[in-house]
Amino acid sequence: MDSDKAYYDVVALTQALVQIDSSNPGLGTVGGPGETTIARYIKAWLDRHGIESHWIEPVAGRPSLVGVVRGSGGGQSLMLNGHTDTVTLLGYDGDPLSGEIMNGCLYGRGSADMKSGLAAAMIALVRAKELHLRGDVLLAAVADEEGPSIGTEQVIRAGWRADAAVVAEPTEMAIVNNHKGFVLFEVDIHGLASHGSRPDLGIDAIVKAGYFLVELGRLAHELRSRYDNQTEPETSAPNVHAGIIKGGEEISSYPARCTIGVERRTVAGETIDGVTAELETILKNLEATVPDFKYDLRVTISRPPYKISSSSDFVQQVLKHASEATGRDPTIKGETYWTDMALLSEAGIPGVIWGPTGYGLHSKKEWVEVDSVRQLTEAFTMLAADFCK
């Protein structure tokens, strides 16, 4: 690939970004190198185009970058947000860093999720500089979205704001205006260690945990049944499941503790206190009815859901330019996953999730359709020209 071409062509730029290993150090059995190398590349790219940039690194080795094209004043500001980290390269089928193009698709880890959307935002930023707009156009190239999203948090904490934002996750060119949030819990079920031959002395924490898992399954069914009449049950209904279970030291001993990791996906209107109370009710009932049942419950991390009206001025403005770029009317819809848009919204920045057509996210083969990346670049440019005029 011509490295100079990556400074001007969105497909070549996507290839260059895919060829940098920026897998998240907190994911996989062997953590990746993190975002430093790709952040340096993006900074050099912005420098070459004469674009102001700001390096944000409160956590060593986990940098985010903000690029800014300043307007002449009096216009609205737009933030284009994209994460630089990927999930692990382990288990990828073939070369995860190839950036190879075949049959109109570009392959590699992060090609869809979400280096192509990030590349489209970068090219749109350069084009915005040539438009001499009144409002600012910002690029937030953030770390750690595949983890707890410290990157967007740190960009917000550093004071960066805009009147609206687009998070360029792959959406098959649909406009996503709402998605679920989540609360993660750890539940410790306590037993009493003893020799495996002494049931009179031991309490089996793993067996006791089974009572909780049965009740958790009942809660999962009940949550879905609340929303049987919804038109979009997967996006509008909350859900809960056990994701991790750990217990015991050796098979010949009664286990003293069993820890269960629980994920509770939330929808608009739900609170951390409310979903915590659901689990507390289950656990307290078990404590009252199951002999020797003891527990601890704690929240490890939480993120809010997100929603903006499909009739809002910004969503309609995005729809207009998406239609112009693609030649069709994109769908406006909700999604089941979580994105950094929820953090931006908490900081007072409304927006949408909108990105290219890609497949194989987090799986053994990942790709993005090249034409959709080009269309997205055009649409981002038109949106910036209109919104920040």
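Up top is the structure these notes are about.
Thresholds applied
- Residues numbered from 1 in each chain as written.
- Predicted model: local features only at pLDDT ≥ 70, side-chain atom pairs only at ≥ 80, totals over all residues.
- Heavy atoms only, no water.
- Pairing = 2+ DSSP bridges.
- Helix = DSSP H or I, 4+ residues; strand = E, 2+ residues; numbered from the N terminus.
- Axes fitted to C-alpha atoms, helices over the stretch in contact; angles between N-to-C directions.
- Contact = heavy atoms within 4.5 Å.
- 1 Å grid on protein atoms, 1.4 Å probe; cavity = no way out; pocket = protein on both sides within 12 Å on 5 of 7 lines; lining within 4 Å.
- Points joined across faces, edges and corners; volume = space filled by probe spheres on them.
- Nonpolar A, V, L, I, M, F, W, Y, C, P; charged D, E, K, R; others polar.
- Domains from an automatic or database assignment.
- Phe/Tyr/Trp six-rings, centres within 6.5 Å; stacked < 30°, edge-to-face > 60°.
- Buried < 20%, exposed > 50% of the residue type's maximum accessible area, 1.4 Å probe, protein only.

Engineer: Please provide a residue-by-residue account of the sheet that holds strand E11 (residues 239-247), values included.
Structural biologist: Ordered in space as E11-E13-E9-E14, the four strands form an open sheet in which the pairing is antiparallel. Only two strands of the sheet have a single neighbouring strand rather than two, namely E11 and strand E14 (294-303). Neighbour-to-neighbour, the strand axes of the sheet open up by a mean angle of 20 degrees, direction not taken into account. When strand E9 (residues 181-190) meets strand E13 (residues 257-266), the two strands line up antiparallel, connected through ten bridges. Within the sheet, the bridge partner assigned to Phe182 lies in E13 and is Arg265. Packing of helix H7 (residues 272-289) onto the sheet brings it into contact with E9, E13 and E14, and relative to E14 it is tilted by some 165 degrees.

Engineer: Pulling in residues and values, what's your account of the sheet that holds strand E4 (residues 101-102)?
Structural biologist: Reading across the sheet, the four strands line up as E4-E5-E19-E18 and stay open at both edges, with antiparallel pairing between neighbours. Lying at the two open borders of the sheet, with one neighbouring strand each, are E4 and strand E18 (358-359). In this structure, E18 lies alongside strand E19 (residues 367-369), joined through two bridges in antiparallel fashion. Paired with Gly358 across the strands is Val368, a residue of E19. Contacting E4 and strand E5 (105-107), helix H1 (residues 10-18) crosses the sheet at an angle of about 20 degrees to E5. Along the sheet face, helix H3 (residues 111-131) touches E5, E18 and E19 and points at about 45 degrees away from the line of E19.

Engineer: So, the layout of surface pockets: which residues are in play, and what are the values?
Structural biologist: Where empty space is left becomes clear once a probe the size of a water molecule has been rolled over the atoms. Looking at the largest pocket, its volume works out to about 1,200 Å³. If you go around the largest pocket, you meet 47 residues; those closest to its centre are Glu146, Phe182, Leu184, Glu263 and Arg265. When residues of the lining of the largest pocket are traced back to their parent elements, those giving at least two are E9, E11, strand E12 (253-254), E13, E14, strand E16 (332-335) and E18. With seven residues, E13 is the single largest residue contributor to the lining of the largest pocket. Residues that form the lining of the largest pocket fall into these classes: 19 nonpolar, 14 polar and 14 charged. For the lining of the largest pocket, the domains that each give at least three residues are domain 1 (10-179 + 306-388) and domain 2 (181-303).

Engineer: Go over the packing of aromatic side chains, please, and point to the residues and values.
Structural biologist: Applying the stated criterion across every chain, the model contains six aromatic pairs. Between Tyr359 and Trp367, the aromatic rings sit 5.8 Å apart at their centres with planes inclined by 40 degrees, giving tilted as the arrangement. By the ring-pair criterion, three or more aromatic residues cluster together here, those being Tyr107, Tyr359 and Trp367.

Engineer: Can you explain the environment of Val183? Please cite residues and give values.
Structural biologist: Mapped onto the elements of the fold, Val183 is located in strand E9. Taking relative accessible area as the criterion, Val183 reaches 3% and is therefore assigned buried. Separated by 89 residues in the primary sequence, Val183 and Ile272 have C-alpha atoms spaced 7.0 Å apart. Those residues in contact with Val183, other than ones at most four positions away along the chain, are Val262, Glu263, Arg264, Thr266, Ile272, Val275, Val299, Ile301 and Ser302.

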